[in-house]
Amino acid sequence: MRTARAISLLLLLQARRSMTGAELAAELEVSERTVQRDVLALAEAGVPVYADRGRAGGYRLLDGYRTRLTGLDRAEAEVLLLAGLPGPLQDMGLADPALAARLKVTGELGGAPAAGARRFHLDAPGWFRDAPVPPLLAEVARAVWGGRVLRARYRRRPEADPVERVLRPSGLVLKAGTWYLVARPDGSGGEPGGTGEEGEAAAHRVYRVDRLLAAEPSERRFAPDRTDEEFDLAAFWEARAAGFARSLLRETVTLRLGPPGLAMVPRLLEPLAAREALASAGEPDGQGRVTVRLPVESLDVGYEEVLRLGPEAEVLEPPALRQRFAEAAARAAALYGVPPADRSQR
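Since the structure is predicted, the reported quantities are computational estimates derived from the model, not experimental observations. (Residues numbered from 1 in each chain as written. Predicted model: local features only at pLDDT ≥ 70, side-chain atom pairs only at ≥ 80, totals over all residues. Heavy atoms only, no water.)

**Remarks on the sheet that holds strand S2 (residues 49-52)**
Phase 1 of the analysis: Spatially, the 3 strands line up as an open sheet ordered S1-S3-S2, and their pairing is antiparallel. Strand pairing shows two members of the sheet lacking a second neighbour, strand S1 (18-19) and S2, which therefore form its edges.
Phase 2 of the analysis: One ladder, built from 2 bridges, connects S1 with strand S3 (residues 58-61); its direction is antiparallel. Its bridge partner lying in S3, Ser18 is registered against Arg60. (Pairing = 2+ DSSP bridges. Helix = DSSP H or I, 4+ residues; strand = E, 2+ residues; numbered from the N terminus.)

This is the structure we're talking about:
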């Protein structure tokens, strides 16, 4: 424990240049006295760590000292953040630095990385679908990883004409087996489409990588501005995905559900629609059934969604959909040989 804590202390000082005893104690969750003992142990081991006195004092390493605990270079250290994504790493052309990083860390930590790989695996693509690798993914990843301007030719929809774009790539997202590039137009060097009015940064947009017809990373790296530095890829994607999902739900189906049907909603229906339906539930009636409003993409999709609930759901509105279910129920009754006189009792 002490050795591991001392290594953590050393890495903290290397990353932050100077820290007080109180800051180190809070970070390592130990007492300041323990920090003092660990600093002394590092000094005795030959690490040039010393204490500055005074109000602005603290512990620091001798200027220029860098520990080489692993020997990782910058690219190898960065790619470790993706170590749980061996398939996507291969697709992006980053398998070689990932292998080098794993070998170096394995040398320091014994079998720990291999043991983790045996116990955890991320399988990103969805079930029952192929997830072909976009042919230009490696080029796009090179631009993202290197902070390089990307010249791209893109088709928004299969039937649309291609458009030319010069982009500042901010990140890549793998969603259910499909790759997306998040980028904004680059306006430096006289390129079109960068910023609008003075001080107004161009908005980030999303591009499906499999719809790129050409992608050429420039040798020119763009200088990150305030928008780049403050951009949060995960937060952007979460908001964009939620907004996109909600924009698809243009129709509403009113249902009456008993307790079994209500329990099936979060298991069988699309998550956002299920949450909104459950939030709209009124008080149970005399038979224990509740009325909910289910948002759906279209009435055709709504028909397929409600079919999953089987006889646990009754469509109240719209009338056309209710009639469609009545006809479907009659066909099902005939298919299973239910006599017309007995249908009301089934």
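Here the narrative resumes.
**Things to note about the side chain of Asp186**
Phase 1 of the analysis: In this fold, Asp186 is placed in the loop between strand S6 (178-185) and strand S7 (205-208).
Phase 2 of the analysis: A distance of 3.2 Å separates the side chain of Asp186 from the side chain of Arg168, its partner in a polar contact.
Phase 3 of the analysis: Side chain to side chain, Asp186 and Arg220 meet in a polar contact 3.2 Å long. (Polar contact = N/O pair within 3.5 Å; in protein donor to acceptor, adjacent residues only side chain to side chain.)

**With respect to the nonpolar core**
Phase 1 of the analysis: Ranked by internal contacts, the top residues of the largest apolar core, which has 23 residues, are Val253, Leu255, Leu257, Leu294, Val306, Leu309 and Val315.
Phase 2 of the analysis: For this core, the secondary structure elements donating two or more residues are strand S9 (251-257), helix H11 (259-268), helix H12 (271-279), strand S10 (290-296), helix H13 (299-307), strand S11 (313-317) and helix H14 (319-335).
Phase 3 of the analysis: Residues within four places of Val253 in sequence aside, it is in contact with Val292, Arg293, Leu294, Val296, Leu299, Val306, Val315, Glu317, Pro318 and Leu321.
Phase 4 of the analysis: In terms of nonpolar packing, the next biggest core, distinct from the first, is built from 19 residues, Leu136, Leu137, Ala152 and Ala183 among them. (Core = buried A, V, L, I, M, F, W, Y, C linked by side-chain atoms within 4.5 Å. Buried < 20%, exposed > 50% of the residue type's maximum accessible area, 1.4 Å probe, protein only. Contact = heavy atoms within 4.5 Å.)

**Some remarks on the confidence of the model for the chain**
Phase 1 of the analysis: Per-residue pLDDT for the chain has a mean of 78; in total, 73% of the residues score no lower than 70.
Phase 2 of the analysis: Taken element by element, the chain is modelled with least confidence in helix H7 (residues 112-119), mean pLDDT 47, and with most confidence in S9, mean pLDDT 95.
Phase 3 of the analysis: The low-confidence segment residues 106-118 (pLDDT under 50) makes 4 contacts with residues lying over four places distant or belonging to another chain.
Phase 4 of the analysis: Residue range residues 189-200 is modelled with pLDDT below 50. Its contacts to residues more than four positions away, or to other chains, number 15 contacts. (pLDDT = per-residue confidence, 0-100.)

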